[in-house]
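# Close look at the chain arrangement
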Amino acid sequence: AQTVTQSQPEMSVQEAETVTLSCTYDTSENNYYLFWYKQPPSRQMILVIRQEAYKQQNATENRFSVNFQKAAKSFSLKISDSQLGDTAMYFCAFMRRGNKLVFGAGTILRVKS
Amino acid sequence: DTEVTQTPKHLVMGMTNKKSLKCEQHMGHRAMYWYKQKAKKPPELMFVYSYEKLSINESVPSRFSPECPNSSLLNLHLHALQPEDSALYLCASSLRPGRGTDTQYFGPGTRLTVL
């Protein structure tokens, strides 16, 4: 069975600094997708970034980038120039066949001014 | 536009009430999902509809009854709920079901309280 592990329950970062959220996963599949979703206190789950496992190049979206290490089954999220609006719960997720998302437990990120 | 809308935003119901949650998307997506989310926990999948047909039921109690009247609309009918069913109910949609991998876009959720 696929599992996703986020080992950091909570993290804090100063505004304008960089922070990295960790995620590891376990699967026997070779082709899959990985996602980071953000859920602010307003509760809407927002897609931050996605990575195709067959692509070696790390995905980037503006201030958000990932470090995808397929052999190590690691998928960390780096947020550069952190902003107050980045305060949220961040979920790492693995896409299984059949369109089933497997979520990690989440990391609460607080950006401080 | 990646908008999924959900109504109502908040719902309070008694254990003997019947109510419905509504989800709508106009992105031409052919897969729609219901998730249940408890506070500070990840979402838990409940149901998946692919091409308007129920494709996954994650052993959800029968007091939750999903319905997909058309490709844009998804309902969740609630009856005889328990207080432990209080949670945030999230709807999501994706473009191409059954294609192995497909990005899901979420609605803002309905906060349900069962008294």
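We now turn to the structure provided with this report. Since the model is a prediction, treat every value here as computed from it, not as a measurement.

Here is what the cut-offs are and how they apply
- Residues numbered from 1 in each chain as written.
- Chains lettered and ligands numbered in written order.
- Predicted model: local features only at pLDDT ≥ 70, side-chain atom pairs only at ≥ 80, totals over all residues.
- Heavy atoms only, no water.
- Salt bridge = Lys/Arg side-chain N within 4 Å of Asp/Glu carboxyl O.
- Helix = DSSP H or I, 4+ residues; strand = E, 2+ residues; numbered from the N terminus.
- Buried < 20%, exposed > 50% of the residue type's maximum accessible area, 1.4 Å probe, protein only.
- Disulfide = S-S within 2.5 Å.
- Pairing = 2+ DSSP bridges.
- Axes fitted to C-alpha atoms, helices over the stretch in contact; angles between N-to-C directions.
- Contact = heavy atoms within 4.5 Å.
- Core = buried A, V, L, I, M, F, W, Y, C linked by side-chain atoms within 4.5 Å.
- Buried area = accessible area lost by both parts, 1.4 Å probe.
- Polar contact = N/O pair within 3.5 Å; in protein donor to acceptor, adjacent residues only side chain to side chain.
- Nonpolar A, V, L, I, M, F, W, Y, C, P; charged D, E, K, R; others polar.

Attention shifts here to the pattern of salt bridges. Residue and element names in this part refer to chain A. Under the defined criterion, the tally for this structure stands at nine salt bridges over all chains. The partner of Arg-110 in a salt bridge is Glu-10, and the shortest N-O contact between them spans 2.7 Å. Placement of Arg-110 in strand S12 (residues 107-112) and of Glu-10 in strand S2 (residues 10-14) is noted, with a sequence separation of 100 residues between them. Take Arg-110: its relative accessible area is 35%, and that puts it in the partly exposed class. Salt bridges sharing common partners tie together Arg-50, Glu-52 and Lys-55.

Attention now moves to the state of the cysteines. All names here are of chain A. Applying the stated criterion across every chain, the model contains two disulfides over all chains. Here Cys-23 connects covalently by a disulfide to Cys-92, the sulfurs 2.0 Å from one another. On the sign convention where negative is left-handed, the bridge of Cys-23 and Cys-92, at about -70 degrees about the S-S bond, is left-handed. One end of the pair, Cys-23, is in the loop between strand S3 (19-21) and strand S4 (24-26); the other, Cys-92, is in strand S10 (residues 88-96), with 69 residues separating them in the sequence. No difference in accessibility class separates Cys-23 from Cys-92, as the two residues are buried.

All names here are of chain B. Pairing is antiparallel in the open sheet, where four strands are placed in the order S1-S3-S8-S7. The sheet is open, and its two edges are formed by strand S1 (4-7) and strand S7 (64-70), each paired on a single side. Averaged over all adjacent pairs, the angle separating strand axes in this sheet is 20 degrees, with direction ignored. Two strands pair when backbone bridges link them, and S7 and strand S8 (residues 73-79) are joined in this way by five bridges, in the antiparallel orientation. Paired with Asn-70 across the bridge in S8 is Leu-73.

Moving on, we get to the environment of Lys-78 of chain A. Residues and elements named next belong to chain A. Note on placement: Lys-78 falls in strand S9 (residues 74-79). Relative accessible area serves as the criterion here: at 38%, Lys-78 is assigned to the partly exposed category. Between the C-alpha atom of Lys-78 and that of Ser-65, which follows or precedes it by 13 residues, the distance is 5.2 Å. If we ignore the near neighbours within four places in the chain, the residues touching Lys-78 are Thr-18, Val-19, Thr-20, Arg-63, Phe-64 and Ser-65.

Counting 27 residues, the largest nonpolar core has Tyr-25, Trp-36, Phe-75, Leu-77, Tyr-90 and Leu-109 of chain A as its most contacted members. Within the residue set of this core, elements represented by two or more residues are S2, S3, strand S5 (33-39), strand S6 (46-52), strand S8 (64-69), S9, S10 and S12 of chain A. When near neighbours in sequence (up to four residues on either side) are disregarded, Leu-109 of chain A contacts Met-11, Val-13, Val-19, Ile-79, Asp-86, Thr-87, Ala-88 and Tyr-90 of chain A. By size, the runner-up hydrophobic cluster in this structure holds 23 residues, among which are Leu-21, Cys-23, Met-46 and Phe-47 of chain B.

Another aspect to go through is the interface of chain B and chain A. Contacts between the two partners involve 30 residues from chain B and, on the opposite side, 23 residues from chain A. When chain B packs against chain A, the two sides together hide about 1,900 Å² of surface, and 54% of this comes from carbon and sulfur. For the pair chain B and chain A, the number of links is one salt bridge. The closest approach of N and O atoms between Lys-100 of chain A and Glu-58 of chain B, which form a salt bridge, is 2.9 Å. Counting the contacts that link chain B with chain A gives eight residue pairs in polar contact (both at pLDDT 80 or more). Considered class by class, the residues forming the side of chain B that touches chain A number 12 nonpolar, 10 polar and eight charged.

All right, on to unusual backbone geometry then. All names here are of chain B. Of note, the amide linkage connecting Thr-7 to Pro-8 takes the cis form, showing an omega dihedral of -10 degrees. Here Pro-8 is to be found in the loop between S1 and strand S2 (10-13). The phi dihedral of Ala-80 is positive, around 55 degrees, even though this residue is not glycine. Looking at the secondary structure, you find Ala-80 in the loop between S8 and strand S9 (87-94).

Within the secondary structure, Ser-12 of chain A sits in strand S2. Setting aside residues no more than four positions away along its own chain, Ser-12 of chain A makes contact with Arg-110 and Lys-112 of chain A.

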